[in-house]
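In case you want the letters, here they are:
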Amino acid sequence: FSPVVFPLSCVVQNYSWGKVGLESEVAKLLTSGDPLVQVQPDLPYAELWMGTHPRGDAIIRDNRIPQKTLGQWITDNPACLGAKVKDTFQGHLPFLFKVLSVNTALSIQAHPNKELAAKLHTQFPEHYPDANHKPEMAIALTPFEGLCGFRPVEEIVSFLQNVPELRALIGEVAAEQLERSGSDDPRGVSAALRVCFTRLMKSEKKFFVDQLNMLVKRISQEAAEGKDTSGSNGDLLLRLHSQYPGDIGCFTIYFLNLVRLEPGEAMFLGANEPHAYLHGDCVECMACSDNTVRAGLTPKFIDVLTLCEMLNYTPAPSSSKIFPAVQSQLDPSVYLYDPPVPDFSIMRIEIPASIKLYLVSAIDSASILLVIQGTAVGTSTAAASEMSLCRGSVLFVSANESISLHLSSPDGMLLFRACCLL
């Protein structure tokens, strides 16, 4: 007998933008999931990877299983994916599930659609390592902030009028073109926005550093005098500038929405949507790809031309970036985040304290289950032995298998489950 439901030990990425030591949700989940883990107090714990990515293939914690990693096991047991998933995604798990703990901003970036991904991969394989798209969804675990999508034009115009340093970088001609573009002509608006943003991102380094220093100096003085700097988005500018001094990305706050998520709220980032996570903890799910086009707030390879060419220049308010969860009709404990892509969906499972026995239902897809809160003993005919689950536990669940949870915590449980609902 070989189990098809089993616990995983997952890989941590210590990227420099991560929260440090036990301030990080990633580190907290690690230590509660495995008390033997030593968290180093000065190391950033940025991401926990739950999946089969070659740079972070999860380790199977069941000594009855001969394969060491989840990737190897799925290769040998592709039926575990579910028939449709197996056929659609050529025997591979189609998503990577993560926890992120963000302390300082991630780069201004966007992910290509499949067509562009294939082209970039052919032309620049060293920077674009595969031919897949990379839609992503983030669900907040703690209050979470990110930049996402272009702001409504009137907000951008207001900044162009209040921030002379920004206007200087974009130039009078482009700024006036955006100011004149009317809401009755969305294509004209997008074209003007593209010109403005491209002018900003391609401005001469010496020139934009001078303008940025002037702006930072001016806002610092105004803030010191107790003036309201919100017309220049002052607080965020000073924060990003302290993290990435002299970086062009600091100016993108005048073009992109600041989106604030409360725990349980989500944002979906489709192809060509400009974004940058700023602060907080979230679970994230994405299609399996490493294709990221970057253009600021980063020391990594930047590809401004590709980014400016590919972006979706449709302005929209920040409220429109919050992706709704739908409560399940069949099970009121389940909230489904079902993005407009086939690669993945996420369920948030909130089991109330009043329930002591809960069935994690079978679905026709392999899934990965993460415990955020609560304790239980899990039983499954597919596991053949009891599994003790607590905060930080991660389980792989093969398609069409269910798990009974015998809850032992006084205040219920919170779990997230990543799957593929074709």
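Computed from a prediction, not measured in an experiment: that's the story for all the values here.

Residues annotated in UniProt with the feature "domain: Phosphomannose isomerase type I C-terminal" (unreviewed entry) correspond here to residues 336-376. In this annotation, residues 336-376 is assigned 0% helix and 51% strand; the end-to-end C-alpha distance for the span is 22 Å.

The next subject is the domain arrangement of the protein. Looking at the protein, the domain boundaries give domain 1 (1-151 + 255-345) and domain 2 (153-252). Distance from the C-alpha centre of domain 1 to the C-alpha centre of domain 2: 30 Å. Taken together, the contacts link 27 residues of domain 1 with 28 residues of domain 2. Overall, the association of domain 1 and domain 2 removes approximately 2,300 Å² of surface from exposure, summing both partners, and the carbon and sulfur fraction of that is 66%. On the domain 1 side of the interface with domain 2, the three residues burying the most area are Arg151, Phe255 and Tyr313, jointly 37% of the side's total. At the boundary of domain 1 and domain 2, one finds 12 residue pairs in polar contact (both at pLDDT 80 or more). Secondary-structure elements contributing two or more residues to the side of domain 1 that touches domain 2 are strand S10 (144-150), strand S11 (256-261), strand S13 (275-287) and helix H11 (304-310). Of all the elements, H11 adds the most residues to the side of domain 1 that touches domain 2, at five residues. Its residues assigned to classes, the side of domain 1 that touches domain 2 comprises 17 nonpolar, seven polar and three charged.

Okay, the sheet that holds strand S22 (residues 387-389) next. The antiparallel open sheet is built from four strands, whose spatial order is S19-S24-S21-S22. A single partner strand is all that each edge strand has here, and the edge strands are strand S19 (357-360) and S22. Between one strand axis and the next, the sheet turns by 30° as a mean value, whatever way the strands run. Direction of pairing for strand S21 (residues 376-379) relative to S22: antiparallel, over a ladder of three bridges. Residue pairing for S22: Gly378 is matched across the bridge by Met387.

Further remarks concern helix H4 (residues 114-123). Of the residues making up H4, those classed as buried are Leu116, Ala117 and Leu120. Taken end-on, H4 shows its buried residues confined to a sector of 100°, consistent with a single buried face. Exposed residues pointing more than 90 degrees away from the buried face of H4 are listed as Glu115 and Thr122. Where H4 is buried, its residues touch strand S14 (293-294) and H11.

Procedures and definitions
- Residues numbered from 1 in each chain as written.
- Predicted model: local features only at pLDDT ≥ 70, side-chain atom pairs only at ≥ 80, totals over all residues.
- Heavy atoms only, no water.
- UniProt positions renumbered as here; feature names shortened; annotations may be inferred.
- Helix = DSSP H or I, 4+ residues; strand = E, 2+ residues; numbered from the N terminus.
- Domains from an automatic or database assignment.
- Contact = heavy atoms within 4.5 Å.
- Buried area = accessible area lost by both parts, 1.4 Å probe.
- Polar contact = N/O pair within 3.5 Å; in protein donor to acceptor, adjacent residues only side chain to side chain.
- Nonpolar A, V, L, I, M, F, W, Y, C, P; charged D, E, K, R; others polar.
- Pairing = 2+ DSSP bridges.
- Axes fitted to C-alpha atoms, helices over the stretch in contact; angles between N-to-C directions.
- Buried < 20%, exposed > 50% of the residue type's maximum accessible area, 1.4 Å probe, protein only.
- Arc of directions from axis to C-beta.

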